[in-house]
Structure formats: C-alpha cells, structure tokens
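Descriptive analysis of the structure
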Amino acid sequence: LHENDDTLMVVANGNFGNIVEPANAKNVLSVGATQSDGRDLYTGMKGKDYLAYFSASGPTHDERVKPDLVAPGFSILSASARGNMVGECDPDDLSLISDPGVDTEAFGLSYKAGTSMAAGVVSGTSALVRQYFMEGWHPNGIKESSEGFDPSAALVKAVLINGAQDVTGKQEISGSVSITEPYDYMQGFGRINLFSSLPLQTKTDFSMEIVDRQPIQPGEVHEFVFTINQCESTELSVTLVWTDSPTSAGCTTCLVNDLDLLLIKNEQKYYPNGLSSADSKDNVERIRVSVNENESLAVEVRGTNLAEAQQKYSLIVTGCLGNGEVTLEPYASPSISSTDQPTKSPLTSPSISPTRQPTKSPSISSTGQPTKSPLTSPSIS
C-alpha cells in the first residue's frame, strides 16, 4: 500500500470479540457493522445508528483506533444464486421482495449479516469518492472533466472519515443497548455518510478544501487559515490521513512517521480524536469544532517525529468556508511551493450556495438463509 498510494484496502473488522488481522493494519480502512434501515429491519432492531451485536471491537495491540468506520452490515439484502433454479433474478416490482425472515428464494435473494457485508458497503462508497475526484466534481460540486485527478488512498480514506457520523450505541443480542462514545473502540470515527462527506451543488450546503500527496519534512509546520462563511452548517470538520511506512511484524509502536493535527480558534487549541493532547499512535486524525460566521480558524499539520526525510499526507476540511485563499505557510522549512502542490488538487474552492418498517431481524447462518428469530443467529459467516 505504501508503494501504491492510490490503492485503498477495505477490510472487515471481524465478527465477535476483538479485531482480527489484517483489519488491524494501520494503512487499511477497517470496517465494523451497524444494523440496517427501513424495511430491512427485524423486530426489535433499532436501525442504522446502532452497532450490530456481533461487530468486533478494537483497539489494536498498540492502542490505535480501530475500526476506522462502521456501515450497515446486519440484515443486508444480497444476492443468493440457486443451483437448482433458472432465472432467479431481482423482480421488476420491488414490492414483491419479501420482508426479512420470509423466504426470498424465488428471486435469488437472501438477507445477510457480518462485517464483511459492511465492508462491501464501504468499498462501493469508496469507489464513488474516487469517481467524484476523477470526474472533476471538485472543487465546484459539479462535473468538470478538466478538474479531474487521481486521488490517493489517503484522501479517499480521509473523505469518508471526515464525513462519518457518530452512532448512538451497540444493541446486544439480548436487545439491551451499550452506549458508545465518539472515537471509542466500537465505532471508531463513526458511520459512513456520503451526503455529509462530499459537496454537490443544489444538494448540499457546505464547501470543501483538500490537499493531497503533500510532502512535509521533520520539524515543519503547515498552516491553513480559514474564515467561516454563512451556510447551514455550524461545524467545521478537518481530517488528516497519511499512508505510513511499513514497520516490523509484532511492533509495539507501529507508527513510523508521526504527524500531528492541531486546530486553533480564538486562541484555544483543539486536538484530534477526542484527546486533550497530540495523538502519537494513529495515522488518522480528526478534529470537529462548532463555528460561527466570520470566525477565523487556523489548522496546522506538524512533522513532529519523522524517521524519514519526508512524509506525504492528505488533508480535508469541510464546513462553511469562505471564498478567500487558503494560506499554506511552512514555518520551519521553505520547501512548500507551487511546484510541490499535487496535480489538480487546489487549496481553494468557492463556497457552495444552498439550494437545498417493518421490523424483523435476520439470522445469519452458513447457508445465508434468514429465519424469523429476532436479533439472534446460529452463526455469522
């Protein structure tokens, strides 16, 4: 992954217990599972804002935040080919599809569950993020082929994490709910939400600034200054991701190049990942703050402790960002110039104006066939 920086590996976090390999790798995007939504819910299920009871938890052995994200993976309507049937395809009339717990064999469909189902949801969403940049939807929220570029895996990962939403809790198999907290080892950075991740004209009311494949050297500080404009959003979200260099198997401290993200508002410092100081373990860092119109904020990326001559990073900032230039200032080294900027990954973009169940639950068996037993399953594949 370090040698192929546009390759994003999405890995299921595992079912039951603690996170499993390779989901604990620092440069992959590891995914836990939430419940589904709408008509795909079983009796007693609370919905997409609740983790599935089987979703494995972190942390990694060196206490990095995992999973990175969660996505619907419990009661997912999926394909199920029938060996003794012909023409078992999705019906043209979707109302003919049975509710969870009812036989869907006539249509070659089956309700599935597992973090592997959630990983498929995230993989598809990641492909949409990549398509967004390659087709030139950035920076204006409309398709302009001339603006297209090949995003790094770190940028795609940063987009999804930056727009993720906190979940409420984890519904256990008994039906009880365990409360979750932002950045904990059950939900990580939260549930994916593409609508809050990427701006689209006439569809969303926030703007986005990105930096991709930006090199930083040891001791260097890059500063980005923003002024808050008027729109519906009252929050600024900023996420830093870098594809770190590999280290030895069995490492006790697996981060090789330590970058730090810092946000300063009204002379107050905000640190990432819910911490009260710099994060020295993760290569994913996110800060969210509430903002008001006309406030100015500074975002800093610091090359705190690098084992190598430089480290490339990706940064995304979303919110009510003004139309002015974003300033990049290298404090410790004059290495940042226009030639250092990634191709077609501009530091500025105009702000985007506003225009703007049945409840049953699948069991998960080796055959993939649902039963009507709420919240329970013999096995998860």
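Look up a bit, the structure's there.
Residues numbered from 1 in each chain as written. Predicted model: local features only at pLDDT ≥ 70, side-chain atom pairs only at ≥ 80, totals over all residues. Heavy atoms only, no water.

Description of the overall build of the protein chain
Helix and strand content of the protein chain: 2 helices and 16 strands. Relative to its 381 residues, the protein chain shows a buried fraction of 51%. Of the accessible surface of the protein chain, which amounts to about 15900 Å², a share of 50% is contributed by carbon and sulfur atoms. (Helix = DSSP H or I, 4+ residues; strand = E, 2+ residues; numbered from the N terminus. Buried < 20%, exposed > 50% of the residue type's maximum accessible area, 1.4 Å probe, protein only. Areas by Shrake-Rupley, 256 points an atom, 1.4 Å probe, with all protein chains shown as cover.)

Comments concerning the packing of aromatic side chains
According to the stated counting rule, one finds 8 aromatic pairs in the structure shown. Ring geometry for tyrosine 53 and phenylalanine 74: centres 5.7 Å apart, planes at 75°, overall edge-to-face. Of this pair, tyrosine 53 sits in the loop between β3 (50-51) and β4 (69-79) while phenylalanine 74 sits in strand β4; the two residues are 21 residues apart in sequence, bridging distant segments of the chain. In terms of burial, tyrosine 53 and phenylalanine 74 fall into one category: buried. Aromatic side chains tyrosine 183 and phenylalanine 189 sit 5.6 Å apart centroid to centroid with 85° between the ring planes, which places their arrangement in the edge-to-face category. Considered together, tyrosine 183 and phenylalanine 189 belong to a single accessibility category, that of buried residues. Here the aromatic residues Phe16, Tyr53, Phe54 and Phe74 are joined through ring pairs into a cluster of three or more. (Phe/Tyr/Trp six-rings, centres within 6.5 Å; stacked < 30°, edge-to-face > 60°.)

A look at the state of the cysteines
Here a disulfide denotes a covalent bond joining the sulfur atom of one cysteine to the sulfur atom of another. On inspection of all chains with the given rule, the structure shows 2 disulfides. The disulfide partner of cysteine 231 is cysteine 320, and the gap between their sulfur atoms is 1.6 Å. On the sign convention where negative means left-handed, the S-S torsion of about -85° between cysteine 231 and cysteine 320 marks this disulfide as left-handed. Of this pair, cysteine 231 sits in the loop between β9 (221-227) and β10 (235-241) while cysteine 320 sits in the loop between β15 (311-319) and β16 (329-330), and the two are 89 residues apart along the sequence. Each disulfide pairs two cysteine sulfurs, and for cysteine 251 the partner residue is cysteine 254, the sulfurs being separated by 1.9 Å. With the S-S dihedral at roughly 95°, the linkage between cysteine 251 and cysteine 254 falls on the right-handed side. Residue class for cysteine 254 comes out buried when judged on its relative accessible area of 5%. Sequence-ordered numbering of the bonded cysteines in the protein chain gives a disulfide pattern of 1-4, 2-3. (Disulfide = S-S within 2.5 Å.)

A short note on the packing of helix α1 (residues 115-134) against helix α2 (residues 153-162)
It is the contact of α1 with α2, at a shortest axis distance of 10 Å, that shows an interaxial angle of 115°. With respect to α2, the element α1 is oriented roughly perpendicular. As for how α1 packs across α2, the hand of that crossing is right-handed. Judged by residue contacts, Val122, Thr125, Ser126, Val129 and Phe133 of α1 engage Leu155, Val156, Val159 and Leu160 from α2. Of the residues in the contact of α1 with α2, the class split is 7 nonpolar, 2 polar and no charged. (Axes fitted to C-alpha atoms, helices over the stretch in contact; angles between N-to-C directions. Parallel < 35°, antiparallel > 145°, perpendicular 65-115°, else oblique. Left-handed = near helix turned anticlockwise from the far one by under 90°. Contact = heavy atoms within 4.5 Å. Nonpolar A, V, L, I, M, F, W, Y, C, P; charged D, E, K, R; others polar.)

Thoughts on the layout of surface pockets
Unfilled space is identified by rolling a water-sized probe across the atoms. In this structure, the largest pocket spans a volume of roughly 420 Å³. Considering only residue class, the lining of the largest pocket consists of 8 nonpolar, 8 polar and 4 charged. (1 Å grid on protein atoms, 1.4 Å probe; cavity = no way out; pocket = protein on both sides within 12 Å on 5 of 7 lines; lining within 4 Å. Points joined across faces, edges and corners; volume = space filled by probe spheres on them.)

Overview of the nonpolar core
For soluble globular proteins, the rule of thumb is that nonpolar side chains tend to be buried together. Among the nonpolar cores identified, the biggest contains 37 residues, and Leu69 and Phe133 are the most heavily contacted of them. Elements with a contribution of two residues or more to this core: β2 (29-35), β4, α1, α2 and β8 (207-216). Per element, the largest residue contribution to this core is 7 residues, and it comes from α2. Residues in contact with leucine 69, not counting those within four places in the same chain, are Leu29, Ser30, Val31, Gly32, Leu160, Ile161, Ala164, Gln187, Phe189, Gly190 and Ile192. Counting residues in each nonpolar core, the second largest holds 25 residues, with Leu236, Leu259, Leu306 and Leu315 among its members. (Core = buried A, V, L, I, M, F, W, Y, C linked by side-chain atoms within 4.5 Å.)

Brief notes about empty space enclosed by the protein
Estimates place the volume of the largest cavity at around 60 Å³. Around the largest cavity sit 13 residues that line it, and Thr7, Asn27, Ala153, Ala154 and Thr243 are the ones nearest its centre. With 3 residues, α2 is the largest single contributor of residues to the lining of the largest cavity. Considering only residue class, the lining of the largest cavity consists of 6 nonpolar, 5 polar and 2 charged.

Examining α1
Taking 1.5 Å as the rise per residue, α1 with 20 residues should run 28 Å; its terminal C-alpha atoms sit 28 Å apart, in good agreement. Listed in full, the buried residues belonging to α1 are Thr115, Ala118, Ala119, Val122, Thr125, Ser126, Val129, Tyr132 and Phe133. Down the axis of α1, the buried set is contained in an arc of 130°. They therefore lie on one face. Those residues of α1 that are buried are in contact with β1 (10-12), β2, β4, α2 and β8. Glycine 136, located one to two residues past α1, shows a positive phi value of around 85°. (Expected span 1.5 Å × (residues − 1). Arc of directions from axis to C-beta.)

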